[in-house]
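Architecture and fold: a report
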Amino acid sequence: MKSRIAVSFFAAAFSIALPLFNLPQEKPLPPQGSLWYEFPEPGSFADAELFITLLDGDATLTISMEDYLYGAVAAEMPASFDKEALKAQAVALRTYAMYKLNVSPSANHSEDICSSSSCCAAWKSDEYLREKWGDDYAVYSRIIRSAVSSTDGEYLVYGGEPALAVFHASSSGQTESSAAVWGKSLPYLISVDTPESAETVRGFEEELFFTKDELLSLLDGADGNKPLIADEVRTESGRLASVTLCGVSLSGRELRSLLGLGSTAVELSEENGGLRITTRGRGHGVGMSQFGADLMAKEGADYREILSAYYPGTELAGK
């Protein structure tokens, strides 16, 4: 069995990885008097007036953007983070929802968005949050609602359309480009500097060790007579693009999935005939780093500066 060292990691979210272009889906009728699928002009709507459909487990809910963002920000980022980081998260989530409404509906369900972080973004109901936060509910609820209300109606646009404002937990020095992860280049999802380190983010590094026998059992077609590690290729940000292990070629994403790694920001080394892996950061690495946003905020950056750093070239619409 593989052994893990320093595996604890307190992160609000892992990744948002989805197809960039999907076919439109049939939509239910909106609540009477609400804004619906006509793309709102910047500053022309309030979160409480825009209603969306949310797939939460087996249930389909029709809720306001305001209530969606409250549950999504609370699920995706700790309420203990700096208020400017929380505001940046609220804008990113509102932008992502606007992208799903107006640019690329989900191919996985007919609802506008879902509550799964593996498909869209995490979301939790107020009832769940009351139980989770317990005695801290009143304080945390007020903090999250303030982050949403103080950015009411604001979202990022590029070329006149909502941006694909994806985000991840943390990166090692640089974020990743969308081209390196999904094969689709977007000018505002490029590799940029980010401030996280092992000294500033708890659980930032993770070490794993696999014996050669474990690797041979995991890798289809592996040959024990071939070099354990060969042909490492790195992306611009330094993440693993591809590698050959025991004669089997894998992309960095395939290796991450196969071995359950936190990210593709990895170092590989041969040790005692086995494979030592050190990972840094968590998530796909594209877009805003949540821990990076918190660190930037603690250094004095406001949410506009955070968003501009992680989504370069986008503009903030609304208000």
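Going by the structure above, here's the rest.
Residues numbered from 1 in each chain as written. Predicted model: local features only at pLDDT ≥ 70, side-chain atom pairs only at ≥ 80, totals over all residues. Heavy atoms only, no water.

Broken down by element type, the chain carries nine helices and 15 strands. Going through the 319 residues of the chain one by one, you find that 52% of them count as buried. When contacts within the chain are restricted to residue pairs at least 6 apart in sequence, long-range pairs at least 24 apart make up 68% of them. A total accessible area of about 14100 Å² is found for the chain, and carbon and sulfur atoms account for 48% of it. (Helix = DSSP H or I, 4+ residues; strand = E, 2+ residues; numbered from the N terminus. Buried < 20%, exposed > 50% of the residue type's maximum accessible area, 1.4 Å probe, protein only. Contact = heavy atoms within 4.5 Å. Areas by Shrake-Rupley, 256 points an atom, 1.4 Å probe, with all protein chains shown as cover.)

Judged by nonpolar contacts, the single largest core of 69 residues is most densely connected at Met-65, Tyr-68, Met-288, Ile-306 and Tyr-311. For this core, the element with the highest residue contribution is helix α2 (residues 83-102), accounting for 12 residues. Discounting chain neighbours no more than four positions away, the residues touching Met-288 are Ala-88, Gln-89, Ala-92, Val-166, Phe-167, His-168, Ala-293, Ile-306, Tyr-310 and Tyr-311. One finds Leu-228, Leu-240, Leu-250 and Leu-261 within the second-largest nonpolar core, a separate group that totals 18 residues. (Core = buried A, V, L, I, M, F, W, Y, C linked by side-chain atoms within 4.5 Å.)

Attention shifts here to the side chain of Thr-244. You can see Thr-244 is positioned in strand β10 (residues 240-245). Classification of Thr-244 as buried rests on a relative accessible area of 11%. Within the local environment of Thr-244, its side chain forms a polar contact with the side chain of Ser-249, the two groups lying 3.2 Å apart. Once residues lying within four places of it in the same chain are set aside, the contact partners of Thr-244 are Leu-228, Ile-229, Ala-230, Asp-231 and Ser-249. (Polar contact = N/O pair within 3.5 Å; in protein donor to acceptor, adjacent residues only side chain to side chain.)

Glancing now at the packing of aromatic side chains. Scanning the entire structure with this criterion turns up four aromatic pairs. Considering the side-chain rings of Phe-81 and Phe-291, the 5.2 Å spacing of their centres and the 75° angle between planes classify their relative orientation as edge-to-face. With a gap of 210 residues between them, Phe-81 in the loop between α1 (65-76) and α2 and Phe-291 in helix α8 (residues 290-298) connect regions that are remote in the sequence. On the basis of an interplanar angle of 75° and a centroid distance of 5.6 Å, the ring pair of Trp-133 and Tyr-140 is categorised as edge-to-face. Overall, Trp-133 belongs to the buried group, its relative accessible area being 9%. Tyr-140 gets classed as partly exposed once you look at its relative accessible area, which sits at 25%. Taken together, Trp-133, Tyr-137 and Tyr-140 form an aromatic cluster joined through their ring pairs. Across the ring face of Phe-81, the terminal group of Lys-298 is positioned such that the distance to the ring centre comes to 6.0 Å. (Phe/Tyr/Trp six-rings, centres within 6.5 Å; stacked < 30°, edge-to-face > 60°. Lys NZ or Arg CZ within 6 Å of the ring centre and 35° of its normal.)

For the rest of this paragraph, the subject is the pairing of strand β12 (residues 266-271). Bridge analysis of β12 against strand β13 (residues 274-280) gives six bridges, and the strand direction is antiparallel. Each residue of the ladder has a partner; that of Ser-269, found in β13, is Arg-276. The loop that links β12 with its antiparallel partner β13 comprises two residues; one of these, Asn-272, has a positive phi angle of about 50°. (Pairing = 2+ DSSP bridges.)

Our next topic: the environment of Ser-104. Looking at the secondary structure, you find Ser-104 in the loop between α2 and β4 (113-114). Sequence separation between Ser-104 and Leu-164 is 60 residues, and the spatial gap between their C-alpha atoms is 9.3 Å.

Here we take up helix α4 (residues 137-149). Helix length check: α4, at 13 residues, gives a terminal C-alpha distance of 18 Å against a target of 18 Å (1.5 Å per residue), a fit within 8%. All of the buried residues in α4 are Tyr-137, Ser-141, Ile-144, Ala-147 and Val-148. Take α4 and look down its axis: the buried residues cluster within an arc of 125°, on one side only. On its buried face, α4 sits against α1, α2 and α3 (126-133). (Expected span 1.5 Å × (residues − 1). Arc of directions from axis to C-beta.)

Any two side chains of opposite charge can pair, on the condition that their charged atoms come close. The full count for this structure, using the stated rule, is 10 salt bridges. Measuring nitrogen to oxygen at the nearest pair gives 3.1 Å for the salt bridge that ties Glu-84 to Lys-87. Linking Glu-84 with Lys-87, this pair stays in helix α2, spanning three residues, or about one helical turn. The two residues Glu-84 and Lys-87 agree in class, both being buried. Ionic pairing is found between Asp-126 and Arg-130, a salt bridge with its closest N-O pair at 3.1 Å. (Salt bridge = Lys/Arg side-chain N within 4 Å of Asp/Glu carboxyl O.)

Spatial relationships are all this shows, so hold off on functional conclusions.
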